[in-house]
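Structural description and commentary
Here's the letter readout for the chains.
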Amino acid sequence: MRSIILLLVFGVLGYLFYESSSFLGACSGIAIFLYGVMCLKNGFSNFSTFIERVLKKWANTATKSLIFGAISTMIMQSSGLVSVLAISFLSAGFITLGQGIGIIFGANVGTTIVAWVIAIAGVKFDISSITMPLLVFGVILNLQNSKTSKAFGSILCGIGFFFLGISLVKSGFNELKDIVDIAQYGQMSGILGVSLFVFIGIVLTVIMQSSNASLLVAITILAAGQMSYENALGFAIGSNIGSTVMAIIGSIGTNITGKRLAAAHLLFNSVTALVAVVFLHQMISVVRLFCDAVGIASDDYILQLTAFHTLFNIVGIALMMPFIEKMVWLLEKFIVDKEAKKYEPIYLNHSIVEYPDTAIEALRNEMEHLYDNCFLVLTYALGFTRKEIHSNTPFREIIAKKKLYRRDVDFDNFYQKNIKYLFDKMFDFATIAQTYIHEKDQMSEIAHIKKAARRAVESIHQLKMLYRNLKEATQTSNEALAEIYNEIRINLAETLRSIENLETISDEKVQLILASIRKGSALLDQADDNAISKVEKLILDNKISANNASSILNDIDTANKVSKDLLVMTQHLYAAYHDEES
C-alpha cells in the first residue's frame, strides 16, 4: 500500500514539475534545504560522545538543560535531532525526565534562532554566493580518511545546501506567484484562515519532518506577498506542533521514560500553540512594540513573523517552566509501564527503612532476587538453562547434544529493567538505611551487600559486550574459533555452577569458602597469561587469522572479569553473612 501511495505521489509531482518549472524550482529548493539539514545531522552525530560529556556536565538542572537544548539546536539546525538525542539520553539513564523537558524547551528556543537565520541571512539577503565554496570545501573534507574530517565536511556541505535551498525556494515562489495565484487562498481572513494555516503548518512539518523547512516555506510565501501576515503566524504555530512528530517517532522502541519525554514535548508545544492562537492579537501588538523599539519597519512582515515565532515560544517556556516538577508528576502518573510491577523490588519498602534488622533482612532477600535475575541472564547468554547449570552433566556433553540460543532475548532491555533498575532501588534503600544504623557490624553488612550487588550488575554489564561474539561463534565454520568460544562458555558456566553449589556447603565452612574464592581469582589471573600463548599457537598453526587475535583476547579478558565479579560478589555475600554470625 505504501509503495502504491509513493508511486502516486511521484506521478503527481512529476506532472506538476513538467507543467511548471517554477514549482520544480521551489520543490528542488525544499529538497536541497532538507538534504542540508540531513548533512548537518550526519556531521554532528559523529560528535555524540562529546555531546554526551557536555550533557552530563552542563545539563544537571532544568535551566542548564534549557540552555543546552537552545545552543545544540542552533548549532545542529534541527530541534528534532536534539529531541531524539534527549529521548535517547533519558532512556539510557544519563538525565532525568525534568532535565529532558528542559532540553525540549531549549530546543524550541533554538528553533527560533534558526528562524532568524533563515529570515535575515537567507531571505532578506542573498548569500547563495558563499554556498559554492562551502560545498567545495565540504566535499574535499568528505574525501579524507579521518572520521573528524568527514564529519566537518558533512557540516560544511550541510550549511552550503541549507542556504542554497533557501535561495532556490525564494526564487521559485517569486516566479510561481506570476503563474499561480496562491494569494486567493493565502489571504483568507479571520480565525478560519488562521486555523486552516495552523493545520497546513502541522501537515507540512509532518511530511517534511522539519519545522525549519516549513518555516522557510511560510517566510518565502509571505515574502512573495502570497499569504497574509496573520495566516503566516498560524503557519508558524502549526509548524511548532508538527515538530513533535519526530520526537514521537524517536520514542518508539525506547523505554517508558522516553515515551514520557515525547509526551512532554507534545504537551508543551500544544499548550504553547493554544496560548498563541487565543492571544494572537495581543501577541501581534507586543511584536509591533518590539519592532518599533529595535527599528524594524512596520511593513517588514518577514521579521515580524520571526519575532512572533520567538515571542510565543518564550511565552510558552515562561508559562511552563515553573511547572516542570508538576509535569513530571503528571507524566509519571498517567504514562505508566503496564509491566512495571514485574521489575519492582519484592522485599524493599521505605516504611521499614528506619528499623535496621528488618531493613538488612529485606536487603539480603532483595540481593537474592537480584542474583536470581543475574543468574537467568547469565545462563541465557552462555546458551544454557538453569536446569543444566544445576545438573552434574559435563558442559561439553550438553553442548554436543543441543542447539544453543533457541530463542531470542532482548538483552539490553532485560538488563535495564530486571537488573540495573533493581540495583538502583537497592542502592537507594541501602544508603537511606545506613543513616539509621549506628552499630559497626550492621554498617559492615550493608556495605558488603551493596558491594555484592554492584559486582553482580557489573558482571552482566561486562557480559553484554561478550554475548554477541559467544552467539556468533555457534555459527562459525572455523572449528578452532568455535572451540575457543566454547571454552570461554564452559569456564563461565563452571564458575556459575560452583557458586550455585556453595549453597550445599555447611555454614561452618565460611572461611574455607572465602579462601577457595580467593584461589579462584588467582587462577583467573594465570588464565590470562595462558590465553596469549594459546592464541599465538593457533595463529602459527594457521587455525585462526591474526585478525581474530585481538577480539579473542579481549573476549577472554572480559570473560575472566565476569568470573572475577561473580566470585567477588560471592565473597562479599559470605563475608556479610559471617559478620552477622560473629
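Residues numbered from 1 in each chain as written. Predicted model: local features only at pLDDT ≥ 70, side-chain atom pairs only at ≥ 80, totals over all residues. Heavy atoms only, no water.

1. A word on the overall build of the protein chain
Quick note on the threshold: Helix and strand labels come from DSSP, where a helix needs a run of H or I of at least four residues and a strand needs a run of E of at least two; each type is numbered from the N terminus. For the exposure calls, accessible area comes from a 1.4 Å probe over protein chains only, and a residue counts as buried if that area is under 20% of its type's maximum, exposed if over 50%, partly exposed in between. Whether two residues touch is decided by their heavy atoms; if any such pair falls within 4.5 Å, the residues are in contact. Accessible areas in this description were obtained via Shrake-Rupley with a 1.4 Å probe; residue shielding takes into account the shown protein chains only.
Helix and strand content of the protein chain: 25 helices and 0 strands. The buried share of the protein chain, reckoned over its 582 residues, is 48%. Residue pairs in contact within the protein chain that sit at least 24 positions apart in sequence constitute 78% of those at least 6 positions apart. As presented, the protein chain carries roughly 29200 Å² of accessible surface, and 61% of it is formed by carbon and sulfur atoms.

2. Concerning a nonpolar patch on the surface
For clarity, the cut-off: Nonpolar side chains (Val, Leu, Ile, Met, Phe, Trp, Tyr) within 5 Å and like charges within 9 Å form the patches, drawn only from residues with over 30% relative accessible area and no salt bridge. Every case where a carboxyl oxygen of Asp or Glu lies within 4 Å of a side-chain nitrogen of Lys or Arg is listed as a salt bridge.
Together, Leu-196, Phe-199, Ile-200, Val-203 and Ile-207 line one region of the surface with nonpolar side chains, adding up to about 430 Å² of accessible area. With respect to the helices and strands, the residue Leu-196 is situated in helix H10 (residues 190-208).

3. Focus: the nonpolar core
Test applied: The nonpolar core is taken to be a set of buried Ala, Val, Leu, Ile, Met, Phe, Trp, Tyr and Cys residues, with the residues joined through side-chain atoms within 4.5 Å.
Within the largest apolar cluster, 66 residues are counted, with the highest numbers of intra-cluster contacts made by Met-367, Leu-370, Ile-419 and Ile-488. Counting only elements with at least two residues in this core, the list comes to helix H18 (356-382), helix H20 (395-401), helix H21 (411-434), helix H22 (440-473), helix H23 (479-501), helix H24 (510-540) and helix H25 (546-581). The element best represented in this core is H18, accounting for 14 residues. Among all residues touching Leu-370, those that are not within four sequence positions of it are Ile-419, Leu-422, Met-426, Ala-453 and Val-457.

4. A few points about the side chain of Asp-565
Stated formally: For the purposes of these results, a polar contact is taken to be a pair of N or O atoms within 3.5 Å, where, inside protein, one atom must be able to donate a hydrogen and its partner to accept one; residues adjacent in sequence count only when each atom of the pair is a side-chain atom.
Topologically, Asp-565 is positioned in helix H25. Within polar-contact distance, the side chain of Asp-565 engages the side chain of Arg-455 at 2.7 Å.

5. What to know about the packing of aromatic side chains
Counted only if it meets this: To pair, rings of Phe, Tyr and Trp, with the six-membered ring standing in for Trp, must have centres within 6.5 Å; the planes then decide the type, stacked if under 30 degrees apart, edge-to-face if over 60, and tilted in the middle.
If you walk through the whole model with that rule in mind, you get 8 aromatic pairs. Measuring from centroid to centroid gives 6.1 Å for Tyr-371 and Phe-375, while their planes differ by 45 degrees, and the two rings are tilted. A residue pair is termed a helical-turn pair when its members lie 3 or 4 positions apart in one helix, as Tyr-371 and Phe-375 do in helix H18 at 4 residues. The exposure class assigned to Tyr-371 is buried, which follows from its relative accessible area of 10%. Ring centres 5.7 Å apart and planes at 45 degrees place the aromatic pair Phe-423 and Phe-427 in the tilted group. Taken together, the residues span about one helical turn, with Phe-423 and Phe-427 both in helix H21 at a distance of 4 residues.

6. Here's the deal with the state of the cysteines
Defined as follows: By definition, disulfides here are pairs of cysteine sulfur atoms that lie within 2.5 Å.
This structure, assessed with the given rule, holds 0 disulfides. In this model Cys-39 remains outside any disulfide bridge; the closest cysteine sulfur is found in Cys-157, 5.8 Å from its own.

7. Concerning the pattern of salt bridges
The full count for this structure, using the stated rule, is 6 salt bridges. Glu-483 is the salt-bridge partner of Arg-396, the closest N and O atoms lying 2.7 Å from each other. Taken together, the positions of Arg-396 in helix H20 and Glu-483 in helix H23 put the pair 87 residues apart, joining distant regions of the chain. A salt bridge links Arg-455 to Asp-565; the nearest nitrogen and oxygen atoms lie 2.7 Å apart. Remark: Asp-565 occurs in helix H25 and Arg-455 occurs in helix H22; sequence separation between them is 110 residues. With relative accessibility at 26%, the residue Arg-455 sits in the partly exposed group. A cluster of three or more residues bridged by salt bridges with shared partners is formed by Glu-361, Arg-364 and Glu-445.

8. A few points about the packing of helix H14 (residues 256-278) against helix H16 (residues 301-320)
Selection rule: Lines fitted to C-alpha atoms define the axes, with helix axes restricted to the stretch in contact, and inter-axis angles between N-to-C directions lie between 0 and 180 degrees. Helix crossings are classified by the rotation of the near helix relative to the far one: an anticlockwise turn of less than a right angle makes the crossing left-handed, while a clockwise turn makes it right-handed. Each residue gets one label: Ala, Val, Leu, Ile, Met, Phe, Trp, Tyr, Cys and Pro are nonpolar, Asp, Glu, Lys and Arg are charged, and the others, such as Gly, are polar.
Running from N to C, H14 and H16 point in directions that differ by 120 degrees, and their axes come no closer than 9 Å. Crossing hand, H14 versus H16: right-handed. Packed against H14, whose contacting residues are Leu-267, Phe-268, Val-271, Thr-272, Val-275 and Ala-276, the element H16 presents Phe-308, Phe-312, Asn-313, Val-315, Gly-316, Ile-317, Leu-319 and Met-320 at the interface. Split into classes, the residues belonging to the contact of H14 with H16 amount to 11 nonpolar, 3 polar and no charged.

9. Details of H22
The test is simple: Multiplying 1.5 Å by the helix residue count minus one yields the expected span of that helix. By definition, a residue's bend is the angle between the axes fitted to the seven residues ending there and the seven starting there.
The terminal C-alpha atoms of H22 lie 49 Å apart, and with 34 residues this matches the ideal 50 Å at 1.5 Å per residue to within 8%. The sharpest bend along H22 comes to roughly 40 degrees, located at Met-465.

10. Re the confidence of the model for the protein chain
Quick reminder of the rule: Known as pLDDT, the predictor's confidence for each residue is given on a scale from 0 to 100.
With 82% of its residues at a pLDDT of 70 or more, the protein chain shows a mean pLDDT of 79. Averaged over each element, pLDDT in the protein chain is lowest for helix H9 (residues 183-186) (51) and highest for helix H15 (residues 280-294) (91).

11. With respect to the environment of Leu-363
As for its position among the elements, Leu-363 is in helix H18. For Leu-363 and Pro-345, which are 18 residues apart along the polypeptide, the C-alpha to C-alpha distance reads 9.8 Å. Beyond its immediate chain neighbours, meaning those up to four positions away, Leu-363 contacts Leu-348, Met-426, Phe-429, Ala-430, Ile-446 and Ile-449.

12. Digging into the packing of H21 against H22
For clarity, the cut-off: If an angle is under 35 degrees, it is roughly parallel; if it is over 145, roughly antiparallel; if it lies from 65 to 115, roughly perpendicular; otherwise it is oblique.
The geometry of H21 relative to H22 is characterised by a closest axis approach of 10 Å and an angle of 165 degrees between their N-to-C directions. The angle between H21 and H22 falls in the class roughly antiparallel. For the crossing formed where H21 meets H22, the hand is left-handed. Its residues placed into classes, the contact of H21 with H22 shows 17 nonpolar, 3 polar and 4 charged.

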